[in-house]
Amino acid sequence: MKNLPTSEIWFVCGSQHLYGPGPLAQVADNAKQVAEALSGSKRIPYKIIFKALLTTPDEITKTCIEANSSPTCAGLILWMHTFSPSKMWIRGLDILKKPFLHLHTQFNRDLPWGTIDMDFMNLNQAAHGDREAGFIHTRMRLGRKVVVGHWSDSEVQDRIGAWMSAARAWQDWQGGKFCRFGDNMRQVAVTEGDKVAAEMKFGFSTNGYGVGDLVAKMKTVSDKAIDTLVADYADQYAIVKELRKGGSRHDALRYSARIELGLRAFLEEGDFKGFTTTFEDLHGLEQLPGMAPQRLMADGYGFAGEGDWKTAALLRAMKVMADGVGTSFMEDYTYHLSPKGHQVLGAHMLEICPSIAAAKPAVEIHALGIGGKADPIRLVFDATTGPALNASLVDMGNRFRLIVNEVTAVKAPKMPKLPVARAVWECKPDFKTACAAWIYAGGAHHTGYSTVVTSEMLEDFATIAGIEMVRIGEDTKISDFKQTLRNNEIYYHLAQGIRV
Ligand code: MN
């Protein structure tokens, strides 16, 4: 993954001095054991470190300030092994800017029924200590994830792991830079949005660059660098004969390699995490970039077509959650509406990420029919099958909304004349409900598509961001869904006040 931050989660245990130094040492030692066991689990995506046992308002505030200023701290796990009076936490939590997860666990799994005494009872007090913590979190209206169960429970670890993936994507967004070549596809509404509001809410910035700046960078690419990259293509893909070395259209492949090398240099020099292009602004480019964005996506860059910076940023976040695999820019392109089963054919003009390819992609050249440029090079493949989802981030004017539809990717029938990479899926709970719900929610035709990212990760991500998320899945019913949208209109309007 390009530009991935170093991440760690701070495990923080709350208590108080009432218990005396002996039990407090025991509490700290137990908390350290829990943090180390979690960190060592294969279900946990990156490091969890035991940070501190906190027993006073000053210690709590100091730790929250340290977390805010730590570039590596992606979030905190809070656990009240014993009772930690929550007024002590108000000052610290009020300034805490990092996400937190409240782990409601207990050091001992089983109660020692035959020997249990008041010492045991006083040491294993999360049952009420965590309720005291939960009250202040709720009283302060703090977004967080609550995970319940013994820390050795694999289901508990999965819940924590999903949140950690979301927390890392959030950390990655902070200060993240996205490059928009040109502007929006003219007149399109859903790809527009308030970039100032997005920077305030999400922490990433999007700025425009002239496509001429990219063309200038491409001109500096050496023939030798192109030779090397084209040889690399031959190792990785099935290249059609006309594009191979000595083939009649080999120069077009070399030009595509020049686009890739120029783009790569531009993005690296600008420290960008993603970018957009638009076929309506290609001045000085001979081809619409196709294979180049495909390969850059595979390296972890966020991307979307037609100036769609929100989807490019969302895709980057999803790629971080997925650790770089099985995640692509996608568009709901066309439908199969057979009475035997409705399906969506997802694709784009060119730019689908090969991280979702089921087999070795082919490198092909075909006419585009849009944009009036030379025929562009693209990677063509079918996507993998199995559970997947589509996610869309839209700007509602007074807030952002994340829309998620769980789908099942199925084997694509042969499409010998379709010259682009594609995925075929069936929507949950069913095509008609899913599409109606998506449209009622204002979901875009562009999405981040993933076979690795889960609804849980995106829900955790939306909670961290403090934005609305609506999920369309197995249990969605249209009448309830419409009511949820109506309720959310009021809730988010009131909850956010005028700070949007
Ligand atoms: Mn599009």
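Reading guide: rules and limits
Residues numbered from 1 in each chain as written. Predicted model: local features only at pLDDT ≥ 70, side-chain atom pairs only at ≥ 80, totals over all residues. Heavy atoms only, no water. Donors = N, O, S within 2.8 Å, 3.2 Å for Na, K, Ca; no water. Helix = DSSP H or I, 4+ residues; strand = E, 2+ residues; numbered from the N terminus. Buried < 20%, exposed > 50% of the residue type's maximum accessible area, 1.4 Å probe, protein only. Core = buried A, V, L, I, M, F, W, Y, C linked by side-chain atoms within 4.5 Å. Contact = heavy atoms within 4.5 Å. Pairing = 2+ DSSP bridges. Axes fitted to C-alpha atoms, helices over the stretch in contact; angles between N-to-C directions. 1 Å grid on protein atoms, 1.4 Å probe; cavity = no way out; pocket = protein on both sides within 12 Å on 5 of 7 lines; lining within 4 Å. Points joined across faces, edges and corners; volume = space filled by probe spheres on them. Nonpolar A, V, L, I, M, F, W, Y, C, P; charged D, E, K, R; others polar. Right-handed = clockwise from strand over helix to strand, strands pointing away. Parallel < 35°, antiparallel > 145°, perpendicular 65-115°, else oblique. Left-handed = near helix turned anticlockwise from the far one by under 90°.

Caption draft 1: Region of the structure containing the coordination of the manganese ion. The coordination sphere of the manganese ion contains the protein donors Glu306 (OE), Glu331 (OE), His348 (NE2) and His446 (NE2), at a distance range of 2.0 to 2.2 Å. Between the donor residues of the manganese ion, the gaps in sequence give the motif E-x24-E-x16-H-x97-H. With glutamate 331 in strand E11 (residues 327-338) and histidine 348 in the loop between strand E12 (341-347) and strand E13 (362-365), this residue pair connects regions lying 17 residues apart in the sequence. Across the pair, exposure class does not vary: glutamate 331 and histidine 348 are buried alike.

Caption draft 2: How the structure looks around the nonpolar core. Ranked by size, the top nonpolar core spans 59 residues in total, and within it Phe11, Ile160, Trp173, Phe202, Leu402 and Leu458 carry the most contacts. No other element matches helix H6 (residues 154-173), which puts ten residues into this core. The contacts of isoleucine 160, once residues within four sequence positions are left out, are Leu38, Ile44, Ile77, Leu101, Leu103 and Val147. Core analysis: the next-biggest nonpolar cluster, separate from the first, contains 44 residues, Tyr237, Met291, Ile352 and Ala388 among them.

Caption draft 3: Region of interest: the sheet that holds strand E9 (residues 274-276). In space, the four strands of this open sheet follow the order E7-E6-E9-E10, with parallel pairing throughout. Here the strands that pair on one side only, and so sit at the sheet edges, are strand E7 (205-209) and strand E10 (302-304). Looking at each pair of strands side by side, their axes are set apart by 20° on average, direction ignored. Here strand E6 (residues 177-181) runs beside E9; their pairing, made up of three bridges, is parallel. For cysteine 179, the partnering residue across the bridge sits in E9 and is phenylalanine 275.

Caption draft 4: Inspection of the layout of surface pockets at higher detail. In this structure, the second largest pocket occupies an estimated 290 Å³ of space. Looking at the second largest pocket, it is lined by 18 residues, and the ones nearest its centre are Asp382, Pro413, Lys414, Met415 and Arg422. In terms of residue class, the lining of the second largest pocket is made up of ten nonpolar, two polar and six charged.

Caption draft 5: Region of interest: the side chain of arginine 264. Here arginine 264 is to be found in helix H10 (residues 250-269). Discounting chain neighbours no more than four positions away, the residues touching arginine 264 are Lys2, Arg295, Leu296 and Asp299.

Caption draft 6: Quick peek at the pairing of E7. Direction of pairing for E6 relative to E7: parallel, over a ladder of five bridges. Directly across from cysteine 179, in E7, lies its bridge partner asparagine 207. The β-α-β motif built from E6, the intervening helix H7 (residues 195-202) and the parallel element E7 has right-handed crossover chirality.

Caption draft 7: Structural detail: the packing of H6 against helix H12 (residues 309-321). As a packed pair, H6 and H12 sit with axes 8 Å apart at the nearest point and diverge in direction by 135°. For the element pair H6 / H12, the angle class is oblique. Read as a crossing pair, H6 and H12 show a hand that is right-handed. For the pair formed by H6 and H12, the contact residues are Ser165, Ala166, Arg168, Ala169, Asp172 and Trp173 on the first element and Ala313, Leu314, Arg316, Ala317, Val320 and Met321 on the second.

Caption draft 8: Quick peek at the packing of helix H13 (residues 431-440) against helix H15 (residues 478-496). Remark: H13 packs on H15, axes separated minimally by 10 Å, with the N-to-C direction vectors making an angle of 15°. Relative to H15, H13 is oriented roughly parallel. Crossing of H13 against H15: the hand is right-handed. Mapping the contact onto sequence places Thr433, Ala436, Ala437 and Tyr440 in H13 and Ile478, Phe481, Lys482 and Leu485 in H15. By residue class, the composition of the contact of H13 with H15 is six nonpolar, one polar and one charged.

Caption draft 9: Representation of the sheet that holds strand E3 (residues 73-79). On the basis of which strands lie adjacent, the open sheet formed by five strands has the order E2-E1-E3-E4-E5 and parallel pairing. The strands lining the two open edges of the sheet, one partner per strand, are strand E2 (48-54) and strand E5 (145-148). Ignoring which end each strand starts from, the neighbouring axes of this sheet average 25° apart.

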